[in-house]
Amino acid sequence: MFEIGKTILLTACLSLLGNAASSCAAPPAADSAAKPVAAVQSAAKFAALSAGTSAAANPAASAGIVSPAEARADAAPYYYVAPSGSDVSGTGTQTRPWKTVQRAADAAMKTGGTVYLRSGVYRQQLRLSGSPGAAGGAARLTVTSYPSEAAVLDGTGLSIGGSAALIDLSSASRVTVRGLELRNLKTSASGVLPMGIYVHGAGQGVRLENNKVHGIANTAAPKGSDLLGRDAHGIAVYGTEAPASIRDLTISGNEVYGLTLGSSEAVVLNGNVEQFVVENNRVHDNDNIGIDAIGFEGTSPNPKYDQVRSGVIRGNQVTGSTSSRNPSYGLKIPNGNYAAAGIYVDGGRDLVVERNRVLRNDIGIEISSEHGGRSTSNITVRSNLVARNALTGIGMGGYDKQRGATIGSVITGNTVAYNDTLEWGTGQLYMQFDTRDNIIRNNIFVASASNALIHNEYRENRRNVVENNLYYAPDAEEATWMWKSKSYTGFASYVKNTGNDKHSLFADPGFANAKADDYRLKPSSPAIAAGVPDPILNVSPDLAGKKRGESASGRPSLGAYE
């Protein structure tokens, strides 16, 4: 049999690394109060990282535009920037705006308040560090498009070197970047790292909301046997200090797309980052990983803190992440390498991945560790739709015996359907090297034409509980499960020989309209109220925002929908 685990890398390696004058003019009138930012609390147990915004909302519906309602809560003083403004004769008022965003932001950092960018294209970069307002205070700084107008930071023609971003937040706190379009920061130079937004150092209270990030690219030819030197990010958060972390971080409602990433990621959190929410973003059509939470890369100077932790990735829509035409994965295009996960946890811990729609990527959701002797741990993957991804639906464990482990994690209440579109037999759940003490329950797994459901080619698989799931395949007699390197055909044979899934079902789940990507359950579905009572699942809504486990029996439905 073709050795998928040894030949196809499921992951991508990372290579990264004025005046205080103000305006008296008030912001535009608003219709309602701004939407509050969801709070996140740190915890070591799955259930504590729950609750919050429903994923039923349209991700990134307002990316790049600020509504009058959102502007209502913007704090004074107000500073204004316009393409027709002047840093010499302007005063930063609405009638006499400045020309550069940096000029206005430098002034606003002294006082706190809001910088409004009027409609137009700014071929500029912005760099901020520290906290706004007086020392010891609680002032915030918001940099945002003027309501109902479109402000664009465009990197066309900008000369960049090293690590360069259109917006660079260095050890910044209490800063919001909202409703901007960030585009076209590109290079063809090897080893240069362009980014849309770069948050690094330490700090707290940074919010990146409703921005549109696209056209960030490194097009250098990869070099050497490892094909290095070609890297870019859309949004990058690097906790590079210790023990001080980047914390209380929100990345919400952004659209991130059309990026040429090389061996890097569209949205990444790396190193000493904790207590965060990445929610309701739309990440699509990029040539590598969509959303990534990373540990053990040496990003933090202290290994004790070098791990993304205690956060939530929820309500995102991630589609079209593929490395098959990315020369960092093989110079001959198409390269036959399907390594880009929609959502990837590589070495993170104490995280919740919930209520995401992850479709048509190379891999759906992956919780793994690339570093030998290190583990991804205490991850909850619940109420996600993972469908029609090329290689597999959910992956876990190290991709070979030199990698790390996935331990103490729970995969519950997910709909994982029609993945393995390549029909390589990697199935819906791909358990790789060193998976320990994990629980896989209350899921729906539906095979593609390969009829492969679980693929586990390594014997380093201990104390994992696989129970109370629903399985289905186009050809029931050819349905296959591989467990600890042994293959079983037919549901009865699999259950008898592995001891798994003794209380599970093999049945058509009864999706409403799978061809149209509607995976809700028909009223006649055998998955309805068929799950085992599950406190980890029930503390959070289903994918449509409906409470779980409220049937007469108290049992949740299997899969992502009640």
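About the thresholds
- Every chain is numbered independently, its residues counted from 1 as its sequence is written.
- For this predicted model, a pLDDT threshold of at least 70 governs which residues receive local features, and a threshold of 80 or more governs which side-chain atom pairs are given and counted, while totals over whole chains, interfaces and linings are taken from all residues.
- To get the side-chain values, take all heavy atoms of the structure and skip hydrogens and water.
- Note on conventions: DSSP H or I runs of at least 4 residues are helices, E runs of at least 2 residues are strands, and numbering of each starts at the N terminus.
- Only protein chains enter the area calculation, which uses a 1.4 Å probe; residues under 20% of their type maximum are buried, those over 50% are exposed, and those in between are partly exposed.
- Classification of ring pairs rests on two measures: the distance between centres of Phe, Tyr or Trp rings, Trp counted by its six-membered ring, which must be within 6.5 Å, and the angle between planes, read as stacked under 30 degrees, edge-to-face over 60 and tilted in between.
- Sitting over a ring, as applied to charges here, requires NZ of Lys or CZ of Arg to be within 6 Å of the ring centre and within 35 degrees of the ring normal.
- Here, any two strands with at least 2 DSSP bridges between them count as paired.
- In this analysis, two residues are considered to be in contact whenever any of their non-hydrogen atoms come within 4.5 Å of each other.
- We call two N or O atoms a polar contact when they sit within 3.5 Å, provided that within protein one can donate a hydrogen and the other can accept it, with sequence-adjacent residues counted only if both atoms are side-chain atoms.

### Let's talk about the overall build of the chain
(1) Moving on: A count of helical and extended segments in the chain gives 5 helices and 47 strands.
(2) Moving on: Burial statistics for the chain: of 562 residues in total, 62% are counted as buried.

### A look at the packing of aromatic side chains
(1) Moving on: Tallied over the entire structure, the rule returns 20 aromatic pairs.
(2) Moving on: With a centroid separation of 6.1 Å and an interplanar angle of 75°, the aromatic rings of Y471 and Y494 are classed as edge-to-face. With Y471 in strand β42 (residues 470-472) and Y494 in helix α4 (residues 491-498), this pair connects stretches of sequence that are 23 residues apart.
(3) Moving on: Taking the relative accessible area as the measure of exposure, Y471 reaches 0% and is therefore buried.
(4) Moving on: Centre to centre, the rings of W481 and F491 are 5.8 Å apart; their planes meet at 45°, and the pair counts as tilted. Of this pair, W481 sits in strand β43 (residues 480-483) while F491 is found in helix α4, placing the two residues 10 residues apart along the sequence. Across the pair, F491 and W481 agree in class, each one buried.
(5) Moving on: Here the aromatic residues F445, Y471, Y472, W481, F491, Y494 and F506 are joined through ring pairs into a cluster of three or more.
(6) Moving on: Here the basic side chain of R103 rests over the ring of W98, its NZ or CZ set 4.0 Å away from the ring centre.
(7) Moving on: Its end group placed over the ring of Y146, R118 keeps NZ or CZ at 3.8 Å from the ring centre.

### As for the pairing of strand β9 (residues 180-183)
The two faces of a sheet get side chains in turn, since along a regular strand they alternate between them.
(1) Moving on: Side-chain alternation along β9 places L180 and L182 on one buried face and E181 and R183 on a second face that is also buried.
(2) Moving on: As paired strands, strand β6 (residues 151-154) and β9 are joined by 4 bridges and run parallel to one another. Counted as the bridge partner of L153 is L182 from β9.
(3) Moving on: Bridge count between β9 and strand β14 (residues 212-214): 3 bridges; the pairing is parallel. Looking at β14, one finds that E181 is bridged to K212.

### Some words on helix α3 (residues 101-111)
(1) Moving on: All of the buried residues in α3 are V101, R103, A104, A105, A107, A108 and M109.
(2) Moving on: The inward-facing, buried residues of α3 abut β1 (78-81), β2 (113-117), β3 (120-122), β4 (126-130) and β5 (141-145).
(3) Moving on: Downstream of α3 by a residue or two, G112 has a phi angle that is positive, lying close to 80°.

### Side note on the side chain of S557
(1) Moving on: Along the chain, S557 turns up in the segment after α5 (535-538).
(2) Moving on: Residue S557 is classed as buried on the basis of its relative accessible area of 2%.
(3) Moving on: Not counting residues within four places of it along the chain, the set of residues in contact with S557 comprises L521, A527, I528, A529, A530, R548 and E562.

### Notes on the environment of N254
(1) Moving on: For N254, the location among the structural elements is in the loop between β17 (246-252) and β18 (255-257).
(2) Moving on: C-alpha separation for the pair N254 and K212, spaced 42 residues apart in sequence, amounts to 5.7 Å.
(3) Moving on: A polar contact is formed between the side chain of N254 and the backbone nitrogen of N211, at a distance of 2.8 Å.

### With respect to the environment of R555
(1) Moving on: Relative to the assigned elements, R555 resides in the segment after α5.
(2) Moving on: Residues R555 and V532 lie 23 residues apart in sequence; the distance between their C-alpha atoms is 5.8 Å.
(3) Moving on: With residues near it in sequence (within four places) discarded, R555 still touches A529, A530, G531, V532, P533 and G549.
(4) Moving on: A distance of 3.2 Å separates the side chain of R555 from the backbone oxygen of A530, its partner in a polar contact.

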